[in-house]
Amino acid sequence: MGFGLPGMFTAKQGAEAKNVPKGYLPVYVGEAQKKRFVVPISYLKNPSFQHLLSQAEEEFGFDHPMGGLTIPCTAEAFIDITSSLNSS
């Protein structure tokens, strides 16, 4: 299931949720309800995404409650930011 954004998609439920393609990483986004996205590792070098990572470090340190990278913003804000990354 995706949002029509090239390079980013939401993970499926069940056993497939653990599969992450080579060159991608899973991130959990949201406030009360976390949503899992799988994004290209190329995002890591982008300043906008690095700002999100800094926010995650400030809030969670290196102990992320979901067991993976958790970004403290709404899913809508995350989609807006990553949409701009896809168009550049």
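Keep in mind the model is a prediction, meaning the values are calculated, not measured.

**Student:** Whenever I open this one, the overall build of the protein chain confuses me. Can you help?
**Tutor:** Within the protein chain one finds two helices and four strands. Reading the protein chain from its N terminus to its C terminus gives the helix and strand order β-β-β-α-β-α. Across the 88 residues of the protein chain, 35% fall into the buried class. The long-range share in the protein chain, meaning contacts at least 24 apart out of those at least 6 apart in sequence, stands at 52%. In the structure as shown, the protein chain presents an accessible area of about 5,500 Å², 54% of it carried by carbon and sulfur atoms.

**Student:** Explain the packing of aromatic side chains to me, please; I cannot follow it from the model alone.
**Tutor:** Two descriptors summarise a pair of aromatic rings, namely the distance from one centre to the other and the angle between the planes of the rings. One pass over the full model with this rule turns up three aromatic pairs. Through a chain of ring-to-ring contacts, three or more aromatic side chains come together here, namely Phe 37, Tyr 43, Phe 49 and Phe 78.

**Student:** How do you make sense of the nonpolar core when you look at a structure like this?
**Tutor:** Within soluble globular proteins, side chains that are nonpolar generally end up buried alongside one another. Core analysis: the largest hydrophobic core is formed by 15 residues, its most contacted members being Val 27, Val 29, Phe 37, Val 39, Phe 49, Ile 71 and Phe 78. Among the secondary structure elements, those contributing two or more residues to this core are β2 (24–29), β3 (35–40), α1 (47–60), β4 (69–71) and α2 (75–87). Examining the composition of this core, we find that four residues originate from one element, α2, more than from any other. Ile 71 has contacts with Val 27, Tyr 28, Val 29, Gly 30, Phe 49, Leu 52, Ala 56 and Phe 78, leaving out every residue within four places of it along the chain.

**Student:** Help me understand α2, please; the structure alone is not making it clear to me.
**Tutor:** Spanning 13 residues, α2 covers 18 Å between terminal C-alpha atoms, matching the ideal 18 Å at 1.5 Å per step. Turning to α2, its buried residues number three or more, namely Ala 75, Phe 78, Ile 79, Thr 82 and Leu 85. On an axial view of α2, the arc spanned by its buried residues comes to 120°, and they lie on one face. Among the exposed residues of α2, those oriented more than 90 degrees off its buried face are Glu 76, Asp 80 and Ser 87. Packed against the buried residues of α2 are β2, β3, α1 and β4.

Rules used throughout
- Within each chain, residues carry numbers counting from 1 in the order of the written sequence.
- Only residues with pLDDT of at least 70 are given local features in this predicted model, and only at 80 or more are side-chain atom pairs given and counted; all residues enter the totals for whole chains, interfaces and linings.
- To obtain the side-chain values, all non-hydrogen atoms of the structure were used and water was disregarded.
- Numbering of helices and strands runs from the N terminus, with a helix taken as a DSSP run of H or I at least four residues long and a strand as a DSSP run of E at least two residues long.
- Only protein chains enter the accessibility calculation, which uses a 1.4 Å probe; a residue whose area is less than 20% of its type maximum is buried, one above 50% is exposed, and one in between is partly exposed.
- Whether two residues touch is decided by their heavy atoms; if any such pair falls within 4.5 Å, the residues are in contact.
- With residues, only the protein chains shown are counted as cover, and all accessible areas are computed by Shrake-Rupley using a 1.4 Å probe.
- By convention, a stacked pair of Phe, Tyr or Trp rings (six-membered ring in the case of Trp) has centres within 6.5 Å and planes under 30 degrees apart, an edge-to-face pair has planes over 60 apart, and any other such pair is tilted.
- Definition used in this section: a nonpolar core is a set of buried Ala, Val, Leu, Ile, Met, Phe, Trp, Tyr and Cys residues joined via side-chain atoms within 4.5 Å.
- Working rule for helices: expected span equals 1.5 Å times residues minus one.
- To be clear, the arc concerns the directions from the helix axis to the C-beta atoms.

Limitation: the analysis is restricted to geometry and does not speak to function.
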